[in-house]
Amino acid sequence: DGGITQSPKYLFRKEGQNVTLSCEQNLNHDAMYWYRQDPGQGLRLIYYSQIVNDFQKGDIAEGYSVSREKKESFPLTVTSAQKNPTAFYLCASSIVPAYEQYFGPGTRLTVT
Amino acid sequence: AQTVTQSQPEMSVQEAETVTLSCTYDTSESDYYLFWYKQPPSRQMILVIRQEAYKQQNATENRFSVNFQKAAKSFSLKISDSQLGDAAMYFCASSSGANSKLTFGKGITLSVRP
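Quick caveat: nothing in here was measured; it's all calculated off a predicted structure.

Peer 1: Residue-level account of the overall build of chain B, with values.
Peer 2: In terms of helices and strands, chain B carries 0 helices and 12 strands. Each helix and strand of chain B, ordered N terminal to C terminal, gives the series β-β-β-β-β-β-β-β-β-β-β-β. Its C-alpha radius of gyration of 14 Å places chain B within 12% of the 13 Å reference for a compact globule of 114 residues. Each of the three principal axes of chain B carries a C-alpha extent, and together these read 45 × 25 × 20 Å. For chain B, buried positions account for 47% of its 114 residues. Sequence separation of 24 or more characterises 55% of the internal contacts of chain B that already satisfy a separation of 6 or more. Accessible surface, chain B: about 5600 Å² in total, of which carbon and sulfur atoms supply 46%.

Peer 1: Residues and numbers for the sheet that holds strand S1 (residues 4-7) of chain A, please.
Peer 2: Residues and elements named next belong to chain A. Pairing within the open sheet is antiparallel, and its 4 strands lie in the order S1-S3-S8-S7. Both outer strands of the open sheet, S1 and strand S7 (64-66), are each paired with one neighbouring strand and no more. Within the sheet, the average angular offset between the axes of one strand and its neighbour, ignoring direction, is 20°. Bridge analysis of S1 against strand S3 (residues 19-25) gives 4 bridges, and the strand direction is antiparallel. Within S3, the position partnered with Ile-4 by the bridge is Gln-25.

Peer 1: Explain the nonpolar core to me, and be specific about the residues and the numbers.
Peer 2: Judged by nonpolar contacts, the single largest core of 25 residues is most densely connected at Leu-21, Trp-36, Phe-75, Leu-77, Ile-79 and Tyr-90 of chain B. Within the residue set of this core, elements represented by two or more residues are strand S3 (19-21), strand S5 (32-39), strand S6 (46-52), strand S8 (64-69), strand S9 (74-79), strand S10 (88-96) and strand S12 (108-113) of chain B. When residues no more than four places from it in sequence are discounted, the contact partners of Leu-77 of chain B are Val-19, Thr-20, Leu-21, Trp-36, Val-48, Ile-49, Phe-64, Ser-65, Val-66 and Tyr-90 of chain B. Grouped together as the second largest cluster of nonpolar side chains are 19 residues, Trp-34, Phe-74, Ala-87 and Tyr-89 of chain A included.

Thresholds, definitions, all that
Residues numbered from 1 in each chain as written. Chains lettered and ligands numbered in written order. Predicted model: local features only at pLDDT ≥ 70, side-chain atom pairs only at ≥ 80, totals over all residues. Heavy atoms only, no water. Helix = DSSP H or I, 4+ residues; strand = E, 2+ residues; numbered from the N terminus. Rg over C-alpha atoms; globule rule 2.2 N^0.38 Å. Buried < 20%, exposed > 50% of the residue type's maximum accessible area, 1.4 Å probe, protein only. Contact = heavy atoms within 4.5 Å. Areas by Shrake-Rupley, 256 points an atom, 1.4 Å probe, with all protein chains shown as cover. Pairing = 2+ DSSP bridges. Axes fitted to C-alpha atoms, helices over the stretch in contact; angles between N-to-C directions. Core = buried A, V, L, I, M, F, W, Y, C linked by side-chain atoms within 4.5 Å.

Here you go:
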């Protein structure tokens, strides 16, 4: 079955530690995205990538980093510089820019 | 820059009835797309329906249809014959430009009364 997987579903970290969230897709999509969702808020774009080895900052990139070494994978690192990292993180992909995006199941990150 | 506004935080509908969820947007682009996504309690985002701005005909998907008013920049979602499984958070979103970033509204929580 084709789809997007994110792991783990729940992640707990101590303040000051970097943490990496996984996102893998087997849909052969070129574009991939990372969003953050907070209670009462819509989704906000963190980073996106339209091709391998290239990515751009979204609206709230500070404190985050990404890589795109393979078409299938787009991991997100939440660094210790992110002031309020506790949130629900969603990864998405699309076949071409402007087409609908398909989402993974999300990762709930809690930092204490 | 694009903005998407969903002004109603919550709505409720009786099972089997029809409900309309409102959305307005603003964009300077001439070519753009509009979407409605559903997020049930599992938090998995599911695409409900898509509308291309250049198409005058309103999109429909089974019990879901949109009322796209381009001049008014309005994009409402109508759910007919509401079912208990329709209870979820619904997000309106727009996409345009070469990078095609999605801009989301804050969402509306829909409850369905049995």
